Amino acid sequence: MTETSHSHEPILSIDGLYKSFGPVTAVDHVSLDIRKNEFFALLGPSGCGKTTLLRMLAGFETPTGGRILLEGKDISALPPERRPLNLMFQSYALFPHMTVAKNLAYGLEMDRLPKDEIARRIEEIMAVTDLAQFAGRKPDQLSGGQRQRVALARALVKRPKVLLLDEPLGALDKKLRERMQLELKRLQHEVGITFIIVTHDQEEALVMADRMAILKDGKLLQCGSPEEVYETPADRFVANFIGVMNFIEGTVSQDGHFVAESLNIKVSTEIRGLATLAVRPENITVTAGGAGCEGKIVDMAYHGLDRVLHVRIAASETPLQVRVPANAAVPHTIGDTIHVAIDPDRTRLFKN
C-alpha cells in the first residue's frame, strides 16, 4: 500500500439525493462530488441528515429520489453487499469470540478468497494499523483504541473503493480521540482509499478532512476545504457552527462603513442596510493608546498558548471574545478597561 494524493476526479457523485420518512424530510436534494483518495467529512448538528445520507451511500436506506454514482455507475438500487463501499459503525461490531486475526479474515472468507491471499492481506493490514502483536487476542483483551483499529483494519482489508465511517471516534476519551484523529488521517494517506466520515465534532472535521460539507435540516449549506469554511462561511449558521465567532448587529452605510454604537469600520461588501458583522476572536486585537473601540473585561479564560478575554463593548449585546497570547507583555485582569480593534479584512457580513 502506497501513499496516494487525492485527485480532483470524483469517485462518488451524489446527485439530488432525497430521503423522506413520511412527512419528515431527512435529506433534502443534496448534490456533492467526492474525489478519489479524499478524506471527506459530513458535518452538522444532531438530526441534520448526515447519518441518513451515509446509510443511503452504504445501501442501508433506499433514497426517495436522486442518484448515487460510483465512478459514473448508478449504484442507488444495489444492495449493501454488492457495493464496493464499506461502513464502519461507531460500535465497531467485532465478533467477541474471535481473535483479531479471525475478525480480519471473516469478510475475506465470506468472499471466498484463496487462503494465501487472505493471509497476505491480513499481514499487510496488521502492519499498517500496528496490530501484529495483538493478532491472537480477542476484543475484550484490547483497549478502546485497539478495538477501534481492529474495526478499521477489518473494513480496510476488503479494499473498498470508499470507506464510510459513522462517528468512528465517538466512544473514545478526549486524549485517545485526538491521537486516533491523526492515526486515521495517516492510514487514509497510506492506503489511498476515499474516506467519508460523519461527525458532529467540528474540531475533528477541521483536523482530518481535506474537504467538508455542512448540513442543516437535511440541506447542504456549504462544501469546501476546512480553511474555506472557517474563513469564509456561507451563512450565519455555518459561521456560528464552525469555530468561535463574534456577531455584532449594525448597519452598512452607503459608503461601505459598518456602523454600530461606538464602532465604525470600513468594510468591503455589496451589502447595504441592516447587517450582522462576524469576526473571529483571533482577528480582534487589544490596542494601545486608546485606539479602537473601548470595552471592559468581564471574564477571562486561560487556554495554555492563549488567553480569551470576554470584553463588553457598547456595540454588542454579548461580550466579544478576544484571543490574546497567554504571555502578552501587558497583563489583563477582570474589570480592566481596554481598547480593541477589528481587522476589517478578516470579517464576514451577513444581510439581516
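Residues numbered from 1 in each chain as written. Predicted model: local features only at pLDDT ≥ 70, side-chain atom pairs only at ≥ 80, totals over all residues. Heavy atoms only, no water.

Q: An account of helix 2 (residues 100-110) is requested, with residue identities and associated values reported.
A: Taken together, the buried positions of helix 2 are occupied by Val100, Asn103, Leu104, Ala105, Gly107 and Leu108. Contact partners of the buried residues in helix 2: helix 3 (115-128) and helix 4 (144-156). Just past helix 2, the residue arginine 112 takes up positive phi, approximately 60°. (Buried < 20%, exposed > 50% of the residue type's maximum accessible area, 1.4 Å probe, protein only. Helix = DSSP H or I, 4+ residues; strand = E, 2+ residues; numbered from the N terminus. Contact = heavy atoms within 4.5 Å.)

Q: Could you give me a rundown of the nonpolar core, with the residues and numbers involved?
A: In this structure, Leu184, Phe195 and Ile242 are the most contacted members of the largest nonpolar core, which totals 46 residues. With six residues, helix 4 is the single largest residue contributor to this core. Ignoring anything within four residues of it in the chain, the contact list for phenylalanine 195 reads Glu38, Phe39, Phe40, Leu156, Leu163, Leu165, Leu184 and Gln188. Grouped together as the second largest cluster of nonpolar side chains are 28 residues, Cys48, Leu70, Leu164 and Leu215 included. (Core = buried A, V, L, I, M, F, W, Y, C linked by side-chain atoms within 4.5 Å.)

Q: So what's going on with the environment of glycine 304? Which residues, and what values?
A: Note on placement: glycine 304 falls in the loop between strand 16 (293-302) and strand 17 (306-313). The exposure class of glycine 304 is partly exposed, given its relative accessible area of 34%. In the structure, glycine 304 is positioned 22 residues away from alanine 326 in sequence and 6.7 Å away in space, judged by C-alpha atoms.

Q: I'd love a proper account of the sheet that holds strand 4 (residues 65-70), names of residues and values included.
A: Strands in a sheet are paired, the pairing made by backbone hydrogen bonds, and the direction either parallel or antiparallel. The sheet built from four strands is open, its strands ordered 2-1-4-5 with antiparallel pairing. Looking at which strands have only one partner, the edges of the open sheet turn out to be strand 2 (24-35) and strand 5 (73-74). As judged from the five bridges shared by strand 1 (residues 10-21) and strand 4, these two strands associate in the antiparallel manner. Directly across from isoleucine 14, in strand 4, lies its bridge partner isoleucine 68. Running at roughly 120° to strand 1, helix 1 (residues 50-58) makes contact with strand 1, strand 2 and strand 4 of the sheet. (Pairing = 2+ DSSP bridges. Axes fitted to C-alpha atoms, helices over the stretch in contact; angles between N-to-C directions.)

Q: Could you give an account of the pairing of strand 18 (residues 320-325), naming the residues involved and the relevant values?
A: Consecutive side chains along a regular strand alternate between the two faces of the sheet. Alternating residues of strand 18 divide into Leu320, Val322 and Val324, all buried, and Gln321, Arg323 and Pro325, none buried. Here strand 17 folds back onto strand 18 in antiparallel fashion, the turn holding six residues.

Q: Can you tell me about the confidence of the model for the protein, naming the residues and giving the values?
A: Per-residue pLDDT for the protein averages 89, and the proportion of residues at 70 or more is 96%. By mean pLDDT, helix 5 (residues 174-191) is the weakest element of the protein at 80, and strand 10 (residues 219-224) is the strongest at 97. Here residues 1-5 scores under 50 on pLDDT; set against residues more than four positions off or in separate chains, the count is 15 contacts. (pLDDT = per-residue confidence, 0-100.)

Q: Talk me through the packing of aromatic side chains; I want residue IDs and the actual numbers.
A: The way to describe two aromatic rings as a pair is by their centre distance and the angle between their planes. Summed over the entire model, instances satisfying the criterion amount to three aromatic pairs. When the centroid spacing of 5.7 Å and the interplanar angle of 10° are considered together, the rings of phenylalanine 237 and phenylalanine 241 count as stacked. Placement of both phenylalanine 237 and phenylalanine 241 in helix 8 (residues 236-241) is noted, with a separation of four residues, approximately one turn of the helix. When its relative accessible area of 24% is taken as the criterion, phenylalanine 237 is described as partly exposed. Sitting above the plane of the phenylalanine 247 ring, arginine 236 keeps its charged end 4.3 Å from the centroid. Over the aromatic face of tyrosine 230 sits the side chain of arginine 280, whose NZ or CZ is 3.9 Å from the ring centroid. (Phe/Tyr/Trp six-rings, centres within 6.5 Å; stacked < 30°, edge-to-face > 60°. Lys NZ or Arg CZ within 6 Å of the ring centre and 35° of its normal.)

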